[in-house]
Amino acid sequence: MALGQPKIEYKSNAQILKMREAGLVLAEALDEAVAAAQPGVTTKEVDAVFAGVLERHGATSNFLGYHGFPASICASVNHEVVHGFPSDYVLKDGDVLKIDGGAIVDGWHADSARTVLLGTVDEADRRLSDITEQAMWAGIAAFAEARFIGQIGEAIEKYVAAQPGPRLGILEEYCGHGIGSAMHMAPDVLNYNSGHRGARVKPGMALAIEPMLVRGKLATSVLDDDWTVVTNDSQNASQWEHTVAVHLGGIWVLTALDGGVAGLAPFGITPSPIKA
């Protein structure tokens, strides 16, 4: 490693398979949490559904207790971008809910997030979520063929900029990250073109790729709880995230039930599961 640069963890196939186990539990937990997120339900109740799936599978949350975080998911509503606390807030028609969660199986981590649109939503919010999700897949597709990490952010920014209609903002203060034997590891994975190529992509690298886009201006603040990030102009935000690994055989989306087949197809990429 370069002097002063954090060391990147490269996983064996067996370790990636353990991350896949965590990813499958996490995908199921997010499926059930998304289904539970309905008008009239509190975000604390959504958190309980998610936690119940992890318990059922003998997995643990990598969010609960992390630097004092009090829940198993981040539940961020509307202009809350990320890191929101599940609470007694009652979800209502038109809300834009970001559910971000993680799971640990045998010491190996997975991390994933989805944007949930409740009931009849503003079409601008639907567009925001759709573009954010597809920007994530553009970044994952870039990772499959990239020589350097910086190409992921380039692809995300290029995709967002190419979309017709009002330009959406890509938050720069919050980014993706390496993941494996810990939830947050080197390298940082920027969601924009920084002009730096970053670390070289090598087999065994696993990343959480997670663009966060906003309808309005990029300025954000952290609330008094020292966690919840909100847009200063109260415009809504979206977040999508998957944990992804590259190995000698290709790329594998560890937190997608199909391994990334549907999401990567429009980009001409076919994921390659590791055989046990």
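This write-up is about the structure you can find in this document. None of these values were measured; they are calculated from a predicted model.

## Some points on the overall build of the protein
Summing up its helical and strand segments, the protein has five helices and 14 strands in all. Scaling as 2.2 N^0.38, a compact globule of 276 residues should have a C-alpha radius of gyration of about 19 Å, and the protein matches this with 17 Å. Projected onto its principal axes, the C-alpha positions of the protein cover 45 × 45 × 40 Å. Split into buried and exposed, the 276 residues of the protein put 53% on the buried side. The contacts in the protein between residues at least 6 apart in sequence include a share of 69% that link residues at least 24 apart.

## Remarks on the sheet that holds strand S8 (residues 206–209)
Spatial ordering of the open sheet is given by S7-S6-S8-S13-S14, a layout of five strands whose pairing is antiparallel. In this open sheet, the two strands that pair with only one neighbour each are strand S7 (185–189) and strand S14 (250–253). Strand-to-strand twist in this sheet, taken as the mean axis angle between neighbours without regard to direction, amounts to 25°. Note: S8 against strand S13 (residues 242–247), four bridges, orientation antiparallel. In the strand pairing of S13, Ala 206 is matched with Ala 245. Sitting on the sheet, helix H1 (residues 13–36) touches S8, S13 and S14, and the angle it makes with S13 is about 160°.

## Focus: the packing of aromatic side chains
Enumeration according to the criterion identifies two aromatic pairs in this entry. With a centroid separation of 5.3 Å and 85° between ring planes, the pair formed by Phe 69 and Phe 85 is classed as edge-to-face. Of this pair, Phe 69 sits in the loop between helix H2 (43–56) and strand S1 (73–77) while Phe 85 sits in the loop between strand S2 (80–82) and strand S3 (96–105); the two residues are 16 residues apart in sequence, bridging distant segments of the chain. Looking at Phe 69, the relative accessible area reads 3%, which means it is buried. According to the relative accessible area criterion, Phe 85 is partly exposed, its value standing at 27%. With centroids separated by 5.0 Å and ring planes inclined at 75°, the aromatic side chains of Phe 69 and Trp 227 adopt a geometry described as edge-to-face.

## Here's the deal with the packing of helix H3 (residues 123–145) against helix H4 (residues 150–161)
Running from N to C, H3 and H4 cross one another at 145°; their axes reach a closest spacing of 8 Å. Every pair of crossing elements has a handedness; the one defined by H3 and H4 is right-handed. Taking contact as the criterion, the partners of Ile 131, Gln 134, Ala 135, Ala 138, Gly 139, Ala 142 and Phe 143 in H3 are, on H4, Gln 151, Ile 152, Ala 155, Ile 156, Tyr 159 and Val 160. Residue classes in the contact of H3 with H4 are distributed as ten nonpolar, three polar and no charged.

## Details of the pattern of salt bridges
Enumeration over the complete set of coordinates arrives at eleven salt bridges. Here Glu 9 and Lys 11 are joined by a salt bridge, their closest N and O atoms 3.2 Å apart. One salt bridge in this structure joins Arg 215 and Asp 125, with 2.8 Å as the shortest N-O distance. Here Arg 215 is found in the loop between strand S9 (212–214) and strand S10 (220–222), whereas its partner Asp 125 is found in helix H3, with 90 residues between them in sequence.

## Quick look at the pairing of S3
Of all ten residues in S3, ten are buried, a share of seventy percent or more. In this structure, S1 lies alongside S3, joined through five bridges in antiparallel fashion. Directly across from Ile 73, in S3, lies its bridge partner Gly 101. Here S3 pairs with strand S4 (residues 108–117) via ten bridges, running antiparallel. Among the inter-strand pairings, Gly 101 is bridged to a residue of S4, identified as Ser 112.

## So, unusual backbone geometry
The omega angle of the peptide bond from Ala 186 to Pro 187 is 0°, so this bond is cis rather than trans. In this fold, Pro 187 is placed in strand S7. With phi around 65°, Ser 234 is a residue other than glycine that occupies positive phi space. Its location among the elements puts Ser 234 in the loop between strand S11 (229–231) and strand S12 (237–239). Assessed through its relative accessible area of 48%, Ser 234 is described here as partly exposed.

What counts and what doesn't
Residues numbered from 1 in each chain as written. Predicted model: local features only at pLDDT ≥ 70, side-chain atom pairs only at ≥ 80, totals over all residues. Heavy atoms only, no water. Helix = DSSP H or I, 4+ residues; strand = E, 2+ residues; numbered from the N terminus. Rg over C-alpha atoms; globule rule 2.2 N^0.38 Å. Buried < 20%, exposed > 50% of the residue type's maximum accessible area, 1.4 Å probe, protein only. Contact = heavy atoms within 4.5 Å. Pairing = 2+ DSSP bridges. Axes fitted to C-alpha atoms, helices over the stretch in contact; angles between N-to-C directions. Phe/Tyr/Trp six-rings, centres within 6.5 Å; stacked < 30°, edge-to-face > 60°. Left-handed = near helix turned anticlockwise from the far one by under 90°. Nonpolar A, V, L, I, M, F, W, Y, C, P; charged D, E, K, R; others polar. Salt bridge = Lys/Arg side-chain N within 4 Å of Asp/Glu carboxyl O.

Any link to function would need more than the numbers given here.
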